[in-house]
Amino acid sequence: NNKGQSVRALAISHLKPETYRAVVDAEEADTRPWINWRETKSDGLTYGDLDARFLERPLEPRDVVDDVAVNPTTHISRRGA
């Protein structure tokens with residue numbers, strides 16, 4: 001999407017491990033080229049759950065990376081607490 005997130009980057013912090021594994025397996029089996037909407041439709045803002053493959057800047061020391069997710073969110077952070 002234009003925020004730089006992907007199903008895989010969102011899945012790691014939103015879904016059960018077995019569902020996340022299914023997402024990774026499906027992505028790895030898909031040989032179609034990716035469309036990077038961040039290149040053409042970016043809003044220029046930085047969000048949580050970004051996909052490192054679409055990040056528009058170098059990783060910074062404060063970034064947390066889990067698989068491809070940069071700064072994955074948590075249940076608490078998604079509630080704004």
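Scroll up for the structure.
Reading the values: the criteria
Residues numbered from 1 in each chain as written. Predicted model: local features only at pLDDT ≥ 70, side-chain atom pairs only at ≥ 80, totals over all residues. Heavy atoms only, no water. Phe/Tyr/Trp six-rings, centres within 6.5 Å; stacked < 30°, edge-to-face > 60°. Helix = DSSP H or I, 4+ residues; strand = E, 2+ residues; numbered from the N terminus. Buried < 20%, exposed > 50% of the residue type's maximum accessible area, 1.4 Å probe, protein only. Lys NZ or Arg CZ within 6 Å of the ring centre and 35° of its normal. 1 Å grid on protein atoms, 1.4 Å probe; cavity = no way out; pocket = protein on both sides within 12 Å on 5 of 7 lines; lining within 4 Å. Points joined across faces, edges and corners; volume = space filled by probe spheres on them. Nonpolar A, V, L, I, M, F, W, Y, C, P; charged D, E, K, R; others polar.

Participant: Help me get a handle on the packing of aromatic side chains, residues and values and all.
Facilitator: According to the stated counting rule, one finds one aromatic pair in the structure shown. Ring centres of Trp34 and Phe54 lie 5.5 Å apart, and the angle between their planes is 45 degrees; on these two criteria the pair is classed as tilted. Within this pair, whereas Trp34 is found in the loop between helix H2 (17-29) and helix H3 (37-41), its partner Phe54 is found in the loop between strand S1 (50-51) and strand S2 (65-66), the two being separated by 20 residues in sequence. Trp34 gets classed as partly exposed once you look at its relative accessible area, which sits at 47%. Of note, Lys3 hangs over the ring of Tyr47, and the distance from its end group to the ring centre comes to 5.0 Å.

Participant: Break down the layout of surface pockets for me, with residues and values.
Facilitator: Of the voids in this model, the largest pocket is the one considered here, and its volume is about 330 Å³. Every residue lining the largest pocket is counted, 17 residues in all, and those nearest its centre are Ser6, Val7, Trp34, Ile35 and Phe54. Elements represented by at least two residues in the lining of the largest pocket include exactly helix H1 (7-14), H2 and H3. With three residues, H2 is the single largest residue contributor to the lining of the largest pocket. Residues of the lining of the largest pocket, tallied by class, amount to eight nonpolar, four polar and five charged.

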